[in-house]
Amino acid sequence: MTTDFGTDDPLFTPTRLGALSLGHRVVMAPLTRMRASQPGDVPQAMNVAYYRQRASLGGLIITEATDISAQARGYPGVPGIHTERQVAGWSRVTEAVHAERGRIVLQIWHTGRVSHPSLQPGGAVPVAPSAVLPAGWRHMDATGAPADPVVPAALSRDGIAGIVESFAEAVRNARRAGFDGVELHGANGYLIDQFLQDSSNRRTDDYGGSIENRVRFLLEVVDAAAGSWSADRIGVRLSPWGTYNGMADSDSAALHAHVGAALATRKLAYLHVVEPRADQTSDTNAIKADAPDAGALLKRAFGGPVISAGGYVGDTARDALRQGRADAIAFGRLFIANPDLPRRLQIGAAMNRYDRSSFYGGDERGYVDYPTLEQQPA
């Protein structure tokens, strides 16, 4: 969907995120859809169609979170970037987006304790900073069925070093696949976040305890990623005050202020902030009015470009940009149901309703069959 945007609307003014030059500020958020081909977790033809549909002139797409290794797997049907077949599959995606003159960044992750032995090589126990689980939390197994999580194995120092290298290799593979950059997933209770927050990190070595120690793993991953490509093509996603996957920290403000300041010295492309004000289960874009302003905290600490995600609609996105709380806005569920979302936001068109039941796994239904404005009846 190549569209020429010319307007004074704050959503449709150009901006720059490190090495990424954008024609507008409507960003497609990373959206786990669990539709890679099996076996092998390889991007396939319908994934190519999905991303092509949502590409726009100068628009940025951040892909679904992608496994850096077989050990990183936490959900069935999620793509990887650690085999040649996966790199080739992603290459077809990047070619399709670039044909529409869009930009595309690969989000990469290790899920850590958010996994199950049925998803691990040889049925191994998932790994984490510490051998702890949140009370009452449940996950899924390799079939997608609900499963009680297994207490993870605390990573050794050699294990940590191996995962840092897996991140670096994933960045090199993303570059070979034709991506414009890479986003490191440090949010929502996955491995990097597990190291950051003190409810999940109970280590007593130099990867645990103080804020400075708990941030060490993230910074090692960031430095390895930048060394494998270029710092101005690396972004980081964070979720201060986030509780997803049973997360909590005793002083999230101090933790993330430290993270933002440490990342500021790395001259990264951007930070991507998940606002705690958004209700991920709401279908009416409900907002928690008394939630902390994570974007403002990280904007001050980091000083560089910030993408904000948090249940935005057109008007609230424009307000955030006008107020300087963000440099671009990421939209998730609206992009699922509206492949031409930038155009709809620009002209104030009605939005398609999304079907929550088809978010995770399945076939083309609820994935590539949402109509554009041109495809809808007059």
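The preceding data block contains the structure.
Residues numbered from 1 in each chain as written. Predicted model: local features only at pLDDT ≥ 70, side-chain atom pairs only at ≥ 80, totals over all residues. Heavy atoms only, no water.

1. Regarding the overall build of the protein
Consideration 1: The helix and strand inventory of the protein stands at 11 helices and 15 strands.
Consideration 2: In terms of overall size, the protein behaves like a compact globule, its C-alpha atoms giving a radius of gyration of 19 Å where 378 residues would be expected to give roughly 21 Å.
Consideration 3: Out of the 378 residues in the protein, the part that is buried amounts to 61%.
Consideration 4: Counting only contacts in the protein whose residues sit at least 6 apart along the sequence, the fraction spanning at least 24 positions is 72%.
Consideration 5: Of the roughly 14000 Å² of accessible surface on the protein, a fraction of 50% belongs to carbon and sulfur atoms.
Consideration 6: With 38 positive and 40 negative side-chain charges, the protein shows a separation of 2 Å between the mean positions of the two kinds. (Helix = DSSP H or I, 4+ residues; strand = E, 2+ residues; numbered from the N terminus. Rg over C-alpha atoms; globule rule 2.2 N^0.38 Å. Buried < 20%, exposed > 50% of the residue type's maximum accessible area, 1.4 Å probe, protein only. Contact = heavy atoms within 4.5 Å. Areas by Shrake-Rupley, 256 points an atom, 1.4 Å probe, with all protein chains shown as cover. Lys, Arg positive; Asp, Glu negative; His and termini not counted. Charge placed at Lys NZ, Arg CZ, Asp CG, Glu CD.)

2. Here we look at the environment of Val 171
Consideration 1: Residue placement: Val 171 occurs in helix α3 (residues 157–176).
Consideration 2: Measuring from C-alpha to C-alpha, the distance between Val 171 and Gln 194 comes to 21 Å, with 23 residues separating the pair along the chain.

3. Side note on the pattern of salt bridges
Consideration 1: Counted according to the given criterion, the structure contains 15 salt bridges.
Consideration 2: Taking the shortest distance from any N to any O, the salt bridge between Asp 41 and Arg 73 comes out at 2.9 Å. Taken as a pair, Asp 41 in the loop between β3 (26–28) and α1 (45–53) and Arg 73 in the loop between β5 (66–67) and α2 (84–99) lie far apart in primary sequence, 32 residues in all.
Consideration 3: As a salt-bridge pair, Asp 315 and Arg 318 come within 3.9 Å of each other at their nearest N and O atoms. Of this pair, Asp 315 and Arg 318 both sit in helix α9 (residues 314–322), three residues apart, which is roughly one turn of the helix. (Salt bridge = Lys/Arg side-chain N within 4 Å of Asp/Glu carboxyl O.)

4. Things to note about the packing of helix α6 (residues 216–228) against helix α7 (residues 252–264)
Consideration 1: For the pair α6 and α7, the least separation of the axes is 11 Å and the interaxial angle reads 25°. On the basis of the axis angle, α6 is roughly parallel to α7. Relative to α7, the crossing made by α6 is right-handed. Packed against α6, whose contacting residues are Leu 218, Leu 219 and Val 222, the element α7 presents Val 259, Ala 262 and Leu 263 at the interface.
Consideration 2: Per-class residue counts for the contact of α6 with α7 are six nonpolar, no polar and no charged. (Axes fitted to C-alpha atoms, helices over the stretch in contact; angles between N-to-C directions. Parallel < 35°, antiparallel > 145°, perpendicular 65-115°, else oblique. Left-handed = near helix turned anticlockwise from the far one by under 90°. Nonpolar A, V, L, I, M, F, W, Y, C, P; charged D, E, K, R; others polar.)

5. Some remarks on the side chain of Arg 33
Consideration 1: Counting through the fold element by element, Arg 33 comes out in the loop between β3 and α1.
Consideration 2: Buried charged residue Arg 33 carries no salt bridge. Nearest counter-charge: Glu 64, at 7.4 Å.
Consideration 3: Within polar-contact distance, the side chain of Arg 33 engages the backbone oxygen of Phe 359 at 2.8 Å.
Consideration 4: Excluding residues within four positions of it along the chain, Arg 33 makes contact with Tyr 50, Glu 64, Ile 336, Ser 358, Phe 359, Tyr 360, Gly 361, Gly 366 and Tyr 367. (Polar contact = N/O pair within 3.5 Å; in protein donor to acceptor, adjacent residues only side chain to side chain.)

6. Here's the deal with the packing of α3 against α6
Consideration 1: Their axes nearest at 8 Å, the elements α3 and α6 cross at an angle of 35°. The element α3 and its partner α6 pack so that their crossing is right-handed. Residues Ile 160, Ile 163, Val 164, Phe 167, Ala 168, Val 171, Arg 172 and Arg 175 of α3 form the contact with α6, whose own contacting residues are Phe 217, Glu 220, Val 221, Ala 224, Ala 225 and Ser 228.
Consideration 2: Class assignment of the residues belonging to the contact of α3 with α6 gives a composition of 10 nonpolar, one polar and three charged.

7. As for the pairing of strand β11 (residues 181–185)
Consideration 1: Within β11, five of the five residues are buried, which leaves it mostly tucked inside the rest of the structure.
Consideration 2: Burial along β11 is two-sided: Gly 181, Glu 183 and His 185 and Val 182 and Leu 184, pointing in opposite directions, are all buried.
Consideration 3: Two strands pair when backbone bridges link them, and β11 and strand β12 (residues 234–238) are joined in this way by four bridges, in the parallel orientation. Across the sheet, the residue bridging to Leu 184 is Val 236, located in β12. (Pairing = 2+ DSSP bridges.)

8. Here's the deal with the pairing of strand β13 (residues 270–274)
Consideration 1: In terms of burial, β13 is largely enclosed, as five of its five residues are buried.
Consideration 2: Burial along β13 is two-sided: Tyr 270, His 272 and Val 274 and Leu 271 and Val 273, pointing in opposite directions, are all buried.
Consideration 3: As paired elements, β12 and β13 share four bridges and run parallel to each other. Note that in β13 the partner of Val 236 across the bridge is Leu 271.

9. Some points on α3
Consideration 1: Between its first and last C-alpha atoms α3 spans 29 Å; for 20 residues at 1.5 Å apiece the expected length is 28 Å, and the two agree.
Consideration 2: Among all positions of α3, only Ile 160, Ile 163, Val 164, Phe 167, Ala 168, Ala 170, Val 171, Asn 173 and Ala 174 are buried.
Consideration 3: Looking one or two residues past α3, Gly 178 carries a phi angle of roughly 95°, positive in sign. (Expected span 1.5 Å × (residues − 1).)

10. Regarding the nonpolar core
Consideration 1: In terms of nonpolar packing, the biggest core is built from 85 residues, with Ile 108, Leu 184, Phe 217, Leu 263 and Phe 331 touching the most fellow members.
Consideration 2: Beyond its immediate chain neighbours, meaning those up to four positions away, Phe 217 contacts Ile 160, Ile 163, Val 164, Phe 167, Leu 191, Ile 192, Phe 195 and Tyr 207.
Consideration 3: Counting 14 residues, the second largest nonpolar core, distinct from the first, contains Leu 17, Leu 20, Ala 29 and Val 105. (Core = buried A, V, L, I, M, F, W, Y, C linked by side-chain atoms within 4.5 Å.)

11. Re the environment of His 98
Consideration 1: Within the secondary structure, His 98 is located in helix α2.
Consideration 2: Classification of His 98 as partly exposed rests on a relative accessible area of 31%.
Consideration 3: Excluding its chain neighbours within four sequence positions, the residues that come into contact with His 98 are Ile 104, Gly 178 and Asp 180.
Consideration 4: Engagement of the side chain of His 98 in a polar contact is seen with the side chain of Asp 180, the distance being 2.8 Å.

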